[in-house]
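Chain by chain, the residues:
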Amino acid sequence: MSARLWLITAALLPLQWIGARLFGLHLSPHWEAVASGLAIFGAAFLLSWAAEVAQLDIPQALALAFLALIAVLPEYAVDMYFAWSAGKDPRYIAYATANMTGSNRLLIGLGWTSVVVTYWLKTRQRRIILERSHSIELLHLVVATVYSFVIPLKGTLSAIDSIILVTIFISYMVSASKALVVHPELEGGPPELLTRLRPFARRTAIIGMFVYAALAIYLAAEPFAEGLLATGRAFGIEEFLLIQWLAPLASESPEFIVALLFALRGKPGASMGTLVSSKVNQWTLLIGMLPLAYNLSAGHLGAMHLDARQTEEIFLTAAQSLFAIVVLANFSFSLVEAGLVFALFATQLFFTDPVFRYGYAIAYTALAVVWLILSRSSRQGLAAMIGERWGGRRVAISHHK
């Protein structure tokens, strides 16, 4: 498919939903979920391409952070809707938690691992090496992950969590903005097509794509969320699981595809960098915004109280994040490591009993501790990140376990 056809197709997917809303068309719940989901799907592609081209004008680290933030905007829209609705109806707290934990676990368990597998199929290289510049993302992910264990311990999401997590996100964006500007090589597809425009026309087109996609996401978020819930009720599917796994798959699939395209172009570092940055965004700003949306909707300051299921899910998600950071701490990710991360993610889907959720969370945590003890390169990587950030020193890193 040509770049122009890709661009037109992505633009038409949101247009069908915008048209349906303008003409007041009413669809059955499952068709409404499909139509609004396609609008989000197309809008996410437009946002990702526009953000990718933005690397021409801003520092690369900031551009990757911006690309990651824009790429998960559909995920934010859906989860913000659930949090806002929770301010009126506490039952929606479960859906906000389900969507947030599902998207974070999918990002690591499926997203990170698929990059390594794609790059191996393309080049037969069994390991991806990340540039040291990605220590910005990893260090902030370490801080956010350590703090995330506090949430299940206290059983609430509150304004204090918002302040701390949003502060971590702001620190990340400020650090990324100080990186050097590196002009990317945009090979093929709509991004390359956009780079052929004159600077003013290119920037105007990018802004237009942002506005158009944002409008589509705004109009589609609520119908998509409610359509999924209604579909679950109609077909007897547990609503929590539907929101936890199907909604993030729809909203994050364009982000995964963009990352895989980077890997296929022989740029696995940029591919992994984008997904790691997305994890930082989702594990700081996304969680931090939930209590804010909840309080604004409720009209008063208060905490989102988590039940036992939600507490288990957040604990498990935090533990997975901890293990993934330790594996990636030496700035490399091998095919074997990816297989282990995927296996731990995939097998947990077959067990829904709380005992298994706690079991997997404890296993993740124990593996992280053992990995640090046995892997000198991971210890060196963590020390290097901390030293460069606060100690001003560099530590040599070996990629051998």
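Remember, predicted model here, so these are calculated numbers, not experimental data.

(A) Structural context of the overall build of the protein chain. Along the backbone of the protein chain there are 16 helices and four strands. By the burial criterion, 57% of the 401 residues in the protein chain qualify as buried. A sequence separation of at least 24 residues applies to 80% of the contacts in the protein chain between residues at least 6 apart. Only carbon and sulfur atoms are counted for the fraction: they give 70% of the accessible area of the protein chain, which is about 16700 Å².

(B) Expanded view of the layout of surface pockets. The calculated volume of the second largest pocket comes to roughly 310 Å³. What lines the second largest pocket is a set of 13 residues, and nearest its centre among them are A77, I217, Y218, A221 and E222. Mapped onto the lining of the second largest pocket, the elements with two or more residues apiece are α4 (73-86) and α10 (199-235). With seven residues, α10 is the largest single contributor of residues to the lining of the second largest pocket. Residues belonging to the lining of the second largest pocket are distributed by class as follows: 11 nonpolar, no polar and two charged.

(C) The side chain of S158, seen in detail. Looking at the secondary structure, you find S158 in the loop between β2 (156-157) and α8 (159-177). On the accessibility criterion, S158 (13% relative accessible area) is buried. Excluding anything up to four places from it in sequence, S158 contacts P291 and A303.

(D) Geometry of the nonpolar core. Counting residues in hydrophobic clusters, the biggest one holds 115 residues, and the most contacted among them are F82, W112, M272, F323, L328 and F333. Residue contributions to this core peak at 14 residues, all from helix α5 (residues 92-123). Contact partners of L328, with chain neighbours within four places excluded, come to W112, L130, L138, M272, V276 and F333.

(E) Layout of the packing of α5 against helix α14 (residues 335-348). Two elements in contact, α5 and α14, have axes whose closest approach is 9 Å; the angle formed by their N-to-C orientations is 145 degrees. For α5 against α14, the interelement crossing comes out left-handed. From α5, R105, L106, I108, G109, L110, T113, V116, V117 and W120 reach across to α14, where they touch L335, A338, V341, F342, F345 and Q348. When grouped by side-chain class, the residues that make up the contact of α5 with α14 number 11 nonpolar, three polar and one charged.

(F) Molecular detail of the side chain of S103. If you trace the backbone, S103 turns up in helix α5. Among the residues examined, S103 registers a relative accessible area of 0% and is labelled buried. A polar contact is formed between the side chain of S103 and the backbone oxygen of M100, at a distance of 2.9 Å. The contact partners of S103, leaving out residues within four places of it in the chain, are E75, Q244, P248, E252, Q282 and L286.

(G) Molecular detail of empty space enclosed by the protein. Summed over the entire model, instances satisfying the criterion amount to one cavity of 30 Å³ or more. Of the volumes computed, that of the largest cavity is approximately 30 Å³. Take the lining of the largest cavity: its biggest share by element is three residues, from helix α11 (residues 239-264). Counted by class, the lining of the largest cavity contains four nonpolar, no polar and two charged residues.

(H) Local environment of helix α13 (residues 308-328). The end-to-end C-alpha distance of α13 is 31 Å, a good match for the 30 Å that 21 residues give at a rise of 1.5 Å each. Counted residue by residue, α13 has 19 buried out of 21 residues, so it is predominantly covered. Of the residues that open α13, the one with a side-chain oxygen 3.1 Å from the backbone nitrogen of R309 is D307.

(I) Representation of the packing of aromatic side chains. The final tally for this structure, using the stated rule, is 14 aromatic pairs. Each ring, one from Y81 and one from F82, has its centre 5.9 Å from the other, and the planes form 55 degrees; the classification is tilted. The two residues Y81 and F82 agree in class, both being buried. Ring geometry for F351 and F356: centres 4.5 Å apart, planes at 20 degrees, overall stacked. When its relative accessible area of 39% is taken as the criterion, F356 is described as partly exposed. Through a chain of ring-to-ring contacts, three or more aromatic side chains come together here, namely W6, F41, F45 and W49. Note that R132 overlies the ring of F331, its terminal NZ or CZ placed 5.3 Å from the centroid. Over the ring of W283 we find K279, and its NZ or CZ is 4.3 Å from the ring centre.

(J) Highlighting the environment of S253. Assignment of secondary structure puts S253 in helix α11. Residues S253 and A44, spaced 209 residues apart in sequence, show a C-alpha to C-alpha distance of 8.7 Å. Leave out the neighbours within four places in its chain, and S253 touches F41 and P248.

Reading guide: rules and limits
- Residues numbered from 1 in each chain as written.
- Predicted model: local features only at pLDDT ≥ 70, side-chain atom pairs only at ≥ 80, totals over all residues.
- Heavy atoms only, no water.
- Helix = DSSP H or I, 4+ residues; strand = E, 2+ residues; numbered from the N terminus.
- Buried < 20%, exposed > 50% of the residue type's maximum accessible area, 1.4 Å probe, protein only.
- Contact = heavy atoms within 4.5 Å.
- Areas by Shrake-Rupley, 256 points an atom, 1.4 Å probe, with all protein chains shown as cover.
- 1 Å grid on protein atoms, 1.4 Å probe; cavity = no way out; pocket = protein on both sides within 12 Å on 5 of 7 lines; lining within 4 Å.
- Points joined across faces, edges and corners; volume = space filled by probe spheres on them.
- Nonpolar A, V, L, I, M, F, W, Y, C, P; charged D, E, K, R; others polar.
- Core = buried A, V, L, I, M, F, W, Y, C linked by side-chain atoms within 4.5 Å.
- Axes fitted to C-alpha atoms, helices over the stretch in contact; angles between N-to-C directions.
- Left-handed = near helix turned anticlockwise from the far one by under 90°.
- Polar contact = N/O pair within 3.5 Å; in protein donor to acceptor, adjacent residues only side chain to side chain.
- Expected span 1.5 Å × (residues − 1).
- Phe/Tyr/Trp six-rings, centres within 6.5 Å; stacked < 30°, edge-to-face > 60°.
- Lys NZ or Arg CZ within 6 Å of the ring centre and 35° of its normal.

Purely spatial values, then, with no claim about function.
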